[in-house]
Amino acid sequence: MLKKKQTKFIFVTGGVLSGIGKGIFAASVGNILKNRGFSVNIQKLDPYLNFDSGTLNPGEHGEVFVTDDGAETDLDLGHYERFIGANLTKKSSVMSGQIYSRVFEDERCGKYLGKTVQVIPHLTNKIQEVVLDAAKGFDIHIVEIGGTVGDFEGLHFIEAIRQMRRRVGSENVLYAHLVYLPYLEASKEIKTKPAQNSVRDLLRFGIHPDVIGARCDRNMNKEHIGKIALFSDVDEEAVVPLPYVKSVYEVPDNLEKVGLASYICKKLELKNVKLKKNGWEKFVQNVKDSKGTVKIGMVAKYLSHEDTYKSVNESLKFAFWANKKNVKIIWIDSEEIEKKGTEQLKDLAGIVIPGGFGNRGTEGKVMAAKYARENNIPYLGLCLGMQIAVIEFARNVLAWPSATSGEFDSNNKKQVIHIMPEQRQNMAEENYGATMRLGAYPCVLEKKSKSYKLYGKEQISERHRHRYEFNNDYREEFTEAGMLLAGLSPNHHLVEIVEIPEHKFYVASQFHPEFKSRPDHPHPLFLGFAEACLEK
Ligand code: GLN
């Protein structure tokens with residue numbers, strides 16, 4: 001039992017290689033603990049010197065995930081939210097750049113009273129403050145340290161979490177370290193040496209792991225577990241095999257099976273009572289029961305990195321799984337459409353145009369939207385995908401061939417998508433960052449819209465990340481020609497959703513519904529889209 005509200009801390013580090021699933025592991029630990037009724041928060045400490053993820057190229061780093069409070073974060077926060085079913089805040093995503101900048105601020109304000117400012121203790125204290133602040137009020141706070149232990153750029157984090165044990169008491173802290181075990185085909189062996197070295201690295205920094213997560217693409221046996229337990233000096237039950245899984249959503253179940261939750265609860269003196277039936281179990285069952293595959297076309301620009309549209313991919317999967325179907329996402333390069341036409345859109349059950357920035361590839365997207373509209377193929381537009389739908393409608397239904405977005409052609413006279421007049425000032429002053437609409441905004445749904453039917457309520461709140469908006473000068477023409485302004489801001493000033501009621505499913509939102517879709521609660525717009533795609 002918890003005495004008073006003492007937050008328990010779980011620190012997740014990784015070794016040997018990056019990309020072995022630390023984020024999924026941390027999120028899955030959160031999931032199984034949440035299923036014991038604890039309030040759980042998760043935070044990622046990233047070694048990059050960026051201030052946040054807002055300026056990172058999604059083609060290289062994967063999606064920029066946006067929280068309700070408008071933080072532009074690492075895609076890991078998306079996993080966290082999906083696995084623990086919570087809305088996180090900007091406190092959950094911390095980069096080194098932000099920590100350094102806070103220390104510099106304090107230094108400039110004279111807060112260090114003439115002392116020399118050093119990585120230890122000043123930077124490490126600042127890290128601990130940020131961790132303690134995010135943990136406030138939660139039963140359990142999980143902290144994932146980006147990168148691998150021993151990386152030069154992550155040492156301040158490792159030192160800070162080492163000190164945390166003294167600060168909050170060792171009974172309130174658990175260290176979980178993830179390692180990778182390679183397999184040698186020639187000798188048919190799983191090797192533990194790199195893992196040993198990595199644990200040794202951690203020990204050198206004064207951290208003794210309590211739990212070892214062992215990622216291995218082959219089946220580990222008792223002998224491997226015994227060996228890892230021995231060299232890491234942890235209990236055998238604290239060695240958690242993490243085999244390759246087809247879907248990351250199997251991981252919480254696997255952790256349950258090896259009794260990790262009980263081990264953590266014992267170690268942290270928490271009551272281990274699993275909640276009865278939860279939505280997650282039903283979700284996992286649906287995944288298992290899913291039969292047949294539906295092809296959905298995703299028309300986009302960045303196709304080199306699988307994670308660029310991570311939340312969209314996952315939202316599609318959830319919506320189809322809820323219908324006991326698998327989805328196959330067909331990636332379509334919008335520039336290819338420009339060159340070769342819409343031939344490759346044939347045979348798709350539905351078309352999605354996700355978010356994006358800049359002019360490149362947008363003509364191909366307009367062609368795809370036209371194809372979907374004219375052929376009655378379900379269309380889901382997300383942010384840029386809505387702007388594209390509006391431009392396409394203007395050009396081909398309203399017959400305004402030059403219609404475009406101010407983002408693509410700032411001198412064009414027919415900007416059906418533009419910067420709102422009140423925002424123009426900021427653009428001119430080069431206060432560029434401030435011009436982005438970021439985070440959660442309320443929206444009121446039109447009662448006769450499809451969206452209203454799907455959400456089942458009038459007021460919704462959704463997350464945004466864009467600069468450009470529907471141009472209100474043209475509302476009447478669009479409406480008269482058959483486009484429904486299905487969602488508006490409460491003051492009716494901003495268009496948030498457009499629909500074509502005549503069409504089987506043609507719904508596009510200025511916000512990003514994908515950020516709020518959860519495995520056990522697929523987003524209503526994605527569900528509506530999936531159901532339309534499945535309709536014969
Ligand atoms: N580039 C568009 C804008 O800034 C759309 C942004 C997006 O899709 N996230 O408005």
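*Asks:* Kindly report on the sheet that holds strand β19 (residues 459–466), identifying the contributing residues and their values.
*Replies:* Pairing in this open sheet of nine strands is mixed, and the strands run β13-β12-β14-β15-β23-β22-β21-β18-β19 from one edge to the other. Each having just a single partner strand, β13 (326–333) and β19 make up the two edges of the open sheet. Taken over all neighbouring pairs, the strand axes of this sheet differ in orientation by 25° on average, direction set aside. Here strand β18 (residues 437–445) runs beside β19; their pairing, made up of eight bridges, is antiparallel. The residue of β19 that forms the bridge with Cys443 is Ile460. On top of the sheet, helix α12 (residues 310–321) reaches β12 (293–300), β13, β14 (350–353) and β15 (379–382); it is set at about 145° to β13, its chief contact. Contacts from helix α19 (residues 524–534) reach β12, β14, β15 and β23 (506–509), with the element oriented near 155° to β15.

*Asks:* Describe the environment of Gly297, listing the residues and the values that go with them.
*Replies:* Residue position: Gly297 is located in strand β12. Each C-alpha atom, one on Gly297 and one on His224, is 44 Å from the other, the two residues being 73 residues apart in sequence. Residue contacts for Gly297: discarding those within four places in its chain leaves Ile330, Ile332, Leu348, Gly350, Ile351 and Val352.

*Asks:* How would you explain helix α7 (residues 193–204) if you had to name every residue and give the values?
*Replies:* Every α-helical turn comprises 3.6 residues, leaving residues that sit three or four positions apart pointing alike. Between its terminal C-alpha atoms α7 stretches 16 Å, which fits the 16 Å expected from 12 residues at 1.5 Å a residue. Ala195, Gln196, Ser198, Val199 and Leu202 are the residues of α7 that are buried. The arc enclosing the buried residues of α7, seen along the axis, measures out at 165°, which places them on a common side. The inward-facing, buried residues of α7 abut β1 (8–14), β7 (173–180), β10 (211–216) and α8 (222–232). Trailing α7 by a residue or two, Gly206 shows a phi angle of about 85°, which is positive.

*Asks:* Give a detailed account of the packing of aromatic side chains, specifying residues and quantitative values.
*Replies:* For the structure shown, the criterion picks out 21 aromatic pairs. Summarising the aromatic geometry, the rings of Phe11 and Tyr175 are spaced 5.8 Å apart at their centres and angled 25° between planes, so their arrangement reads as stacked. One end of the pair, Phe11, is in strand β1; the other, Tyr175, is in strand β7, and 164 residues separate them in sequence. What makes Tyr175 buried here is its relative accessible area of 3%. Aromatic side chains Tyr249 and Phe283 sit 5.3 Å apart centroid to centroid with 85° between the ring planes, which places their arrangement in the edge-to-face category. Highlighted residues: Tyr249 in the loop between β11 (239–243) and α9 (251–257) and Phe283 in helix α11 (residues 279–289), separated in sequence by 34 residues. You'll find Tyr249 and Phe283 in the same group, each marked buried. Grouping aromatic residues by their ring pairs yields a cluster made of Phe83, Tyr249, Trp280, Phe283, Phe318 and Trp321. Its end group placed over the ring of Tyr183, Arg218 keeps NZ or CZ at 3.9 Å from the ring centre. The ring of Tyr441 has Arg437 sitting right over it, with the charged end atom 4.9 Å from the ring centre.

*Asks:* Can you explain the site of the ligand? Please cite residues and give values.
*Replies:* In the region of the ligand, the neighbouring residues are Gly355, Gly356, Phe357, Cys383, Leu384, Gln387, Glu407, Arg465, His466, Arg467, Tyr468 and His512. Note that a nitrogen atom of the ligand is positioned 2.9 Å from one of the backbone N or O atoms of Gly356. Interatomic distance of 2.8 Å between a backbone N/O atom of Arg465 and a nitrogen atom of the ligand. Within the residue set of the shell around the ligand, elements represented by two or more residues are α15 (384–396) and β19. When grouped by side-chain class, the residues that make up the shell around the ligand number four nonpolar, five polar and three charged.

*Asks:* Just give me the short version of the sheet that holds β11, but keep the residues and values in it.
*Replies:* Taking strand neighbours across the sheet as the criterion, the seven strands line up as β5-β2-β6-β1-β7-β10-β11 in an open arrangement whose pairing is parallel. The sheet terminates laterally at β5 (93–95) and β11, the two strands that pair on one side only. Averaged over all neighbouring strand pairs, the angle between strand axes comes to 20°, with direction disregarded.

*Asks:* Just give me the short version of the packing of helix α4 (residues 96–108) against helix α5 (residues 119–135), but keep the residues and values in it.
*Replies:* Interhelical geometry of α4 versus α5 gives an angle of 115° and a closest axis separation of 10 Å. Classified by the angle their axes make, α4 and α5 are roughly perpendicular. Considering how the two elements wind past one another, α4 and α5 form a crossing that is right-handed. Of the residues in α5, those touching α4 at Ile99, Tyr100, Arg102, Val103 and Asp106 are Val119, His122, Leu123, Lys126, Ile127 and Val130. Its residues assigned to classes, the contact of α4 with α5 comprises seven nonpolar, one polar and three charged.

*Asks:* Give me the lowdown on the pairing of β7, citing residues and values where you can.
*Replies:* Burial runs high along β7: eight of the eight residues are buried. Alternating positions in β7 separate into two faces, Val173, Tyr175, His177 and Val179 on one and Leu174, Ala176, Leu178 and Tyr180 on the other, with burial throughout. Judged from the six bridges that link them, β1 and β7 form a sheet pairing that is parallel. Paired with Gly14 across the strands is Leu178, a residue of β7. With five bridges joining them, β7 and β10 adopt parallel strand pairing. Pairing of Ala176 across the sheet is with Val211, part of β10.

*Asks:* If you had to explain the pairing of β10 to someone new, which residues and values would you point to?
*Replies:* Burial runs high along β10: six of the six residues are buried. Burial along β10 is two-sided: the face carrying Val211, Gly213 and Arg215 and the face carrying Ile212, Ala214 and Cys216 are both buried. Pairing of β10 with β11 involves five bridges; the strand directions are parallel. Bridge pairing links Ile212 to Val239 in β11. This β-α-β element, β10 to α8 to β11, shows right-handed connectivity.

Rules behind the numbers
Each chain has its residues counted from 1, following the order in which its sequence is written. Restriction of local features to residues with pLDDT of at least 70 applies here, the model being predicted, together with a cutoff of 80 or more for giving and counting side-chain atom pairs; totals for whole chains, interfaces and linings are based on all residues. Each side-chain value is derived from all of the structure's non-hydrogen atoms; neither hydrogens nor water enter the calculation. Here, a strand pair is defined by DSSP locating no fewer than two bridges between the strands. Counting from the N terminus, the helices are the DSSP runs of H or I reaching at least four residues and the strands are the DSSP runs of E reaching at least two. Fitted lines through C-alpha atoms give the axes, limited to the stretch in contact for helices. The angle between two N-to-C directions lies from 0 to 180 degrees. The contact criterion used is simple: two residues touch if any of their non-hydrogen atoms lie within 4.5 Å. Working rule for helices: expected span equals 1.5 Å times residues minus one. Relative accessibility decides the category of a residue: with a 1.4 Å probe and only protein chains considered, values under 20% of the type maximum give buried, values over 50% give exposed, and everything between is partly exposed. What the arc covers is the set of directions going from the helix axis to the C-beta atoms. Whether two aromatic rings pair depends on their centres lying within 6.5 Å, for rings of Phe, Tyr and Trp, where Trp uses its six-membered ring; planes under 30 degrees apart make the pair stacked, over 60 edge-to-face, and the rest tilted. Whether a charge sits over a ring comes down to the Lys NZ or Arg CZ being within 6 Å of the ring centre and within 35 degrees of the ring normal. By convention in this text, a residue qualifies as near a molecule or strand provided that one of its non-hydrogen atoms is within 4 Å of it. Polar contact is defined as a pair of N or O atoms within 3.5 Å, subject to the rule that within protein one atom must be able to donate a hydrogen and the other to accept it, and that residues adjacent in sequence are counted only when both atoms are side-chain atoms. Residues were grouped as follows: Ala, Val, Leu, Ile, Met, Phe, Trp, Tyr, Cys and Pro as nonpolar; Asp, Glu, Lys and Arg as charged; and all remaining residues, including Gly, as polar. If an angle is under 35 degrees, it is roughly parallel; if it is over 145, roughly antiparallel; if it lies from 65 to 115, roughly perpendicular; otherwise it is oblique. In this scheme the crossing of two helices becomes right-handed for a clockwise turn of the near helix relative to the far one and left-handed for an anticlockwise turn of less than a right angle. Viewed with both strands pointing away, a crossover whose connecting path from the first strand over the helix to the second turns clockwise is right-handed.

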